[in-house]
Amino acid sequence: MQLLGNAKLAVIDGKSGHYTVTDPSTLVMEGGRIAWIGDAAALPKRFAAAPCRDLGGRIVTPGLIDCHSHIVFGGDRAREFEMRLEGAGYEEIARAGGGILSTVKHTREADEASLLASALPRVDALLAEGVTALEIKSGYGLDIETEMKMLRVARRIGQERRVSIRTTWLAAHALPPEYSDDRAGYLRDVVIKGMDRAHAEGLIDAVDGFCEGIAFTQGEIAQVFDHAARLGLPVKLHAEQLSDLGGAAMAAKHGALSADHLEYLGADGIGAMAASGTVAVLLPGAFYTLRETQLPPVQALRDAGVPMALATDCNPGSSPLSSLLLTMNMAATLFRMTPSECLAGVTAHAARAIGMGDRGVIAVGNRADLAIWDITHLAELSYRIGFNPLHARIYGGEFA
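About the cut-offs
- Residues numbered from 1 in each chain as written.
- Predicted model: local features only at pLDDT ≥ 70, side-chain atom pairs only at ≥ 80, totals over all residues.
- Heavy atoms only, no water.
- UniProt positions renumbered as here; feature names shortened; annotations may be inferred.
- Axes fitted to C-alpha atoms, helices over the stretch in contact; angles between N-to-C directions.
- Helix = DSSP H or I, 4+ residues; strand = E, 2+ residues; numbered from the N terminus.
- Parallel < 35°, antiparallel > 145°, perpendicular 65-115°, else oblique.
- Left-handed = near helix turned anticlockwise from the far one by under 90°.
- Contact = heavy atoms within 4.5 Å.
- Nonpolar A, V, L, I, M, F, W, Y, C, P; charged D, E, K, R; others polar.
- Pairing = 2+ DSSP bridges.
- Polar contact = N/O pair within 3.5 Å; in protein donor to acceptor, adjacent residues only side chain to side chain.
- Buried < 20%, exposed > 50% of the residue type's maximum accessible area, 1.4 Å probe, protein only.

- Per an unreviewed UniProt entry, the chain goes by Imidazolonepropionase and derives from Paracoccus saliphilus.
- Reading the Catalytic activity (unreviewed entry) entry of the UniProt record for the chain gives the comment "4-imidazolone-5-propanoate + H2O = N-formimidoyl-L-glutamate".

Set out below in structure tokens:
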């Protein structure tokens with residue numbers, strides 16, 4: 001048991017989603033959970049003898065949550081980035097071995113130890129900014145063994161570092177060359193059969209797919225989601241990033257936890273997401289890196305009451321971003337989200353997007369995952385660029 005004294009707590013309004021900061025309070029952590037919150041003068045006697053850490057009036061938020069990442073992968077795409085800036089087009093980069101298949105090649109060739117070693121510095125960068133939970137997708141193997149290898153590494157990260165990991169099966173990410181003329185065979189032999197194997201080994205917390213002209217159709221993703229439902233696995237979807245194929249509405253009808261990207265999301269998709277409670281996960285790092293011009297419909301999502309989460313989308317190609325604080329700044333600057341919306345996007349709404357109901361909100365009974373900041377106003381977390389004001393991170397009731 002431990003007390004945090006003289007702490008200003010960031011509290012979210014359940015209806016408006018707006019954050020406010022309390023007067024200095026005392027928070028009790030017991031058994032990894034928040035056991036009591038209130039004025040120090042009203043502290044129950046049973047907590048009185050517990051050690052107390054005086055926070056000196058610092059602001060405390062829930063631990064941050066990165067709810068969409070591809071943080072386990074082999075190789076990098078720095079040369080591809082350079083080629084694009086030199087004027088090379090998609091086909092030229094592909095002929096030179098670039099694109100997602102470059103990452104697939106390097107990920108297939110890498111062993112688990114090297115994938116872990118390359119991922120941990122990226123994870124550490126997130127933890128240093130107050131992240132306490134992280135979603136990690138497969139999707140760079142496109143064969144069963146490599147997809148499972150990626151997920152085993154993701155699970156290992158949760159053993160090597162004090163962070164909660166959620167793993168997501170994303171074999172329906174792209175079509176590998178060996179199945180270029182057999183889409184149905186890939187879905188059957190790799191996506192579905194691999195899901196069965198990975199689920200049997202306890203490697204999957206959710207199932208994802210990429211519904212786009214360069215990836216998979218609504219009908220193909222629906223097959224994947226139907227199978228996930230038979231296994232009792234929640235689903236989420238990369239949708240409406242490059243065009244409006246109706247993926248978000250289809251995902252919402254399947255009760256998806258989230259639909260992600262959403263730059264081309266239309267009114268039908270927004271209405272379906274509002275009805276189902278599906279979270280909109282916005283990914284400003286990919287928007288920035290790809291120099292997109294089509295903004296996600298933030299105001300329409302606001303008006304419909306669709307919760308908006310934010311995430312790094314950390315990956316080697318379209319979002320080589322490993323800072324959730326910078327993600328918040330990008331969302332405020334590029335998407336015109338308010339600082340309060342940005343904070344909710346990496347706490348309460350991010351927790352919903354990965355099915356972690358006991359995270360993301362400072363409340364009695366919730367897990368004691370917290371971030372303590374050297375800031376005066378919550379807006380500083382979105383306002384600053386390249387500056388990390390984290391004072392301390394608490395994971396499961398312990399200073400990490």
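## Description of the packing of helix α4 (residues 112-127) against helix α5 (residues 144-160)
In step 1: Their axes nearest at 10 Å, the elements α4 and α5 cross at an angle of 50 degrees. Here α5 runs oblique to α4, going by the angle between their axes. Once α4 is placed against α5, the crossing between them reads as right-handed. Note on element contacts: α5 touches α4 through Lys 149, Arg 152, Val 153, Arg 156, Ile 157 and Glu 160, opposite Glu 112, Leu 115, Leu 116, Ala 119, Leu 120 and Val 123.
In step 2: Taken together, the residues of the contact of α4 with α5 break down into seven nonpolar, no polar and five charged.

## Considerations on the pairing of strand β4 (residues 33-38)
In step 1: Strand direction decides the pairing type here: strand β3 (residues 25-30) and β4, joined by five bridges, are antiparallel. Its bridge partner being in β4, Met 29 is matched across the sheet by Ile 34.
In step 2: The turn linking β3 back onto β4 is made up of two residues, and Gly 31 within it adopts a positive phi angle of 60 degrees.

## What to know about the UniProt feature "binding site: Fe(3+)" (unreviewed entry) in the chain
In step 1: Taking the UniProt record as the reference, the feature "binding site: Fe(3+)" (unreviewed entry) is found at His 68, His 70, His 238 and Asp 313. Of the residues just listed, which span 246 residues, no C-alpha pair is farther apart than 12.4 Å, and they cluster in one region.
In step 2: Of note, His 68 is situated in the loop between β7 (64-66) and α1 (78-85).
In step 3: Setting aside chain neighbours within four positions, we find His 68 in contact with Glu 135, Lys 137, His 238, Asp 260, His 261, Val 281, Leu 283, Ala 311, Thr 312, Asp 313 and Cys 314.
In step 4: Within the structure, His 68 has its side chain in polar contact with the side chain of His 70 (distance 3.2 Å).
In step 5: Using a relative accessible area of 3% as the deciding quantity, one classes His 238 as buried.
In step 6: Apart from the residues within four sequence positions on either side, His 238 is in contact with His 68, His 70, Lys 137, Leu 170, Asp 208, Gly 209, Phe 210, Cys 211, Asp 260 and His 261.

## Focus: the UniProt feature "binding site: N-formimidoyl-L-glutamate" (unreviewed entry) in the chain
In step 1: In the UniProt entry, the feature "binding site: N-formimidoyl-L-glutamate" (unreviewed entry) is given for Tyr 140, Asn 315 and Gly 317. In terms of the greatest pairwise C-alpha distance, the residues named above, spread along 178 residues, form a tight cluster of at most 11.4 Å across.
In step 2: Here Tyr 140 lies in the loop between β8 (131-137) and α5.
In step 3: On the accessibility criterion, Gly 317 (11% relative accessible area) is buried.
In step 4: With sequence-adjacent residues up to four places away left out, Gly 317 is seen in contact with Arg 77, Arg 84 and Thr 289.

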